[in-house]
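# Chains, contacts and geometry: an overview
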Amino acid sequence: MPGPRVGDSGGSTLFRWEILIPTQRYVFTVDSGRLEEYNRQGELSFHRFSRYQGLKADHPVHGMIAWPNTVLLSGPVTVVVDPGLVMQGEPLPAALAERGLSPGDVDLVVNTHAHMDHVQANVYFPDIPIVVHEAEFGGSPARARTGFGERARLLSGDEGEIAPGLRFLRTPGHSEGSICLVAETDRGRLVIAGDTVGPLPSYFASMELPAGFPGADRLLQSWRRIRELDPAVLIPGHNPPMRAGISG
Ligand SMILES: [Zn+2]
């Protein structure tokens, strides 16, 4: 079923959401040419993240591929958040096609931040604005255009509106210009947090980060802002959606 198009929402600013591609990771090492894979069936993304952190010291040749939660928002506009990676099989265009959509049916792409795993598949959307915070580029439009071309629509400030019913909050910590998206749904408030919330779900649940964690103070400040929003659903970049009760 095609999602609603601009003007089809009857004046409502509510959004529906679904995850087009769930987050996932692949971890491997190579020792003297011998490949070892660390991808057990049924694991969640953060299990592999933890294992990856643990094996790096003993395996100088190591790698990880991470795909973020790629989210489709349907409402006053149709939005793809964090298109993810380009790879064989083209999973993102296929996930859209499965829903009767093509990239041309999407009005906006939003990147929660400009890291490669979130932005590489922007290339599937050559004709629409790519929304990203200018602080990802040191506030330099010229730098943004280098990576994003003329269609970068740069956000500025601490919060604001991206489209009717779709707001952003700047939540630095993981990166300088990381944002959270805030939308209302018929089941309450949705917050898409990107990598602002992570890497382990327990960190956000306990509001504690390990000693020396990069950007910890700013992350905790951003987490407090997210909790103040009291979301019914919170979608982190690399963990499954968290449901009501997250704000304790
Ligand atoms: Zn990421």
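Keep in mind it's a predicted model, so treat the numbers as computed, not measured.

Here we take up the overall build of the protein. The helix and strand tally for the protein stands at six helices and 15 strands. A compact globule built from 248 residues would reach a C-alpha radius of gyration of about 18 Å, and the protein, at 18 Å, matches this within 12%. Each principal axis of the C-alpha atoms in the protein carries an extent, and together these give about 60 × 40 × 40 Å. Relative to its 248 residues, the protein shows a buried fraction of 50%.

On the surface, Tyr26, Ile65 and Met87 cluster together into a nonpolar patch covering about 270 Å² of accessible area. Inspection of the secondary structure puts methionine 87 in the loop between β6 (78-81) and α2 (91-98).

Surrounding the zinc ion are the protein donor atoms Asp117 (OD), His118 (NE2), Asp195 (OD) and His238 (NE2), at 2.0 to 2.4 Å. Classification of the site at the zinc ion as irregular follows from its four donor atoms and the range of 83 to 165° in their angles at the metal. Given a relative accessible area of 15%, aspartate 117 falls into the buried group.

By secondary structure assignment, the location of threonine 196 is in the loop between β13 (188-194) and α5 (201-206). According to the relative accessible area criterion, threonine 196 is buried, its value standing at 0%.

By volume, the largest pocket amounts to about 390 Å³. Arg25, Phe49, His174, Asp195 and Pro199 are, among the 18 residues lining the largest pocket, the residues nearest its centre. For the lining of the largest pocket, the per-class residue count stands at eight nonpolar, seven polar and three charged. When residues of the lining of the largest pocket are sorted by domain, at least three fall in each of domain 1 (16-21 + 71-239) and domain 2 (24-67). Each pocket or cavity is described by its volume, and for the second largest pocket that value is around 200 Å³. Phe15, Arg16, Trp17, Thr185, Asp186, Arg187, Gly188, Arg189, Leu190, Val233 and Arg243 are the residues that line the second largest pocket. The set of elements that each furnish at least two residues to the lining of the second largest pocket consists of β1 (16-21) and β13. Looking at which element gives the most residues to the lining of the second largest pocket, the answer is β13, with three residues. The residue inventory of the lining of the second largest pocket, partitioned by class, reads four nonpolar, two polar and five charged.

Throughout the structure, instances matching the rule amount to three aromatic pairs. Ring centres of tyrosine 203 and phenylalanine 213 lie 6.1 Å apart, and the angle between their planes is 75°; on these two criteria the pair is classed as edge-to-face. Of this pair, tyrosine 203 sits in helix α5 while phenylalanine 213 sits in the loop between α5 and α6 (216-228), placing them ten residues apart in sequence. Of the residues examined, phenylalanine 213 reaches a relative accessible area of 22% and is grouped as partly exposed. Seen in terms of ring centroids, phenylalanine 204 and tryptophan 223 are 5.4 Å apart; in terms of plane orientation they differ by 75°. Their pairing is edge-to-face. With phenylalanine 204 in helix α5 and tryptophan 223 in helix α6, this residue pair connects regions lying 19 residues apart in the sequence. This pair shows no difference in class: phenylalanine 204 is buried, exactly as tryptophan 223 is. For arginine 48, the ring lying beneath its charged end belongs to tyrosine 26, and the centroid distance is 6.0 Å. Cation over ring: arginine 227 sits above phenylalanine 204, and NZ or CZ is 4.7 Å from the ring centre.

Further remarks concern the domain arrangement of the protein. As far as domains go, the protein holds domain 1 (16-21 + 71-239) and domain 2 (24-67). On a C-alpha basis, the centroid separation for the pair domain 1 and domain 2 is 25 Å. Taken together, the contact between domain 1 and domain 2 spans twelve residues of the former and nine residues of the latter. Both faces combined, the contact of domain 1 with domain 2 buries some 930 Å², and carbon together with sulfur accounts for 71% of it. The largest per-residue losses of area from domain 1 upon contact with domain 2 belong to Ile21, Leu85 and His238, which jointly make up 47% of the total buried on that side. Connecting domain 1 to domain 2 are zero salt bridges.

Parameters at a glance
Residues numbered from 1 in each chain as written. Predicted model: local features only at pLDDT ≥ 70, side-chain atom pairs only at ≥ 80, totals over all residues. Heavy atoms only, no water. Helix = DSSP H or I, 4+ residues; strand = E, 2+ residues; numbered from the N terminus. Rg over C-alpha atoms; globule rule 2.2 N^0.38 Å. Buried < 20%, exposed > 50% of the residue type's maximum accessible area, 1.4 Å probe, protein only. Patch = residues over 30% accessible without salt bridge, like charges linked within 9 Å, V, L, I, M, F, W, Y side chains within 5 Å. Areas by Shrake-Rupley, 256 points an atom, 1.4 Å probe, with all protein chains shown as cover. Salt bridge = Lys/Arg side-chain N within 4 Å of Asp/Glu carboxyl O. Donors = N, O, S within 2.8 Å, 3.2 Å for Na, K, Ca; no water. Tetrahedral: all angles 85-135°; square planar, octahedral: opposite > 155°, others 65-115°. 1 Å grid on protein atoms, 1.4 Å probe; cavity = no way out; pocket = protein on both sides within 12 Å on 5 of 7 lines; lining within 4 Å. Points joined across faces, edges and corners; volume = space filled by probe spheres on them. Nonpolar A, V, L, I, M, F, W, Y, C, P; charged D, E, K, R; others polar. Domains from an automatic or database assignment. Phe/Tyr/Trp six-rings, centres within 6.5 Å; stacked < 30°, edge-to-face > 60°. Lys NZ or Arg CZ within 6 Å of the ring centre and 35° of its normal. Contact = heavy atoms within 4.5 Å. Buried area = accessible area lost by both parts, 1.4 Å probe.

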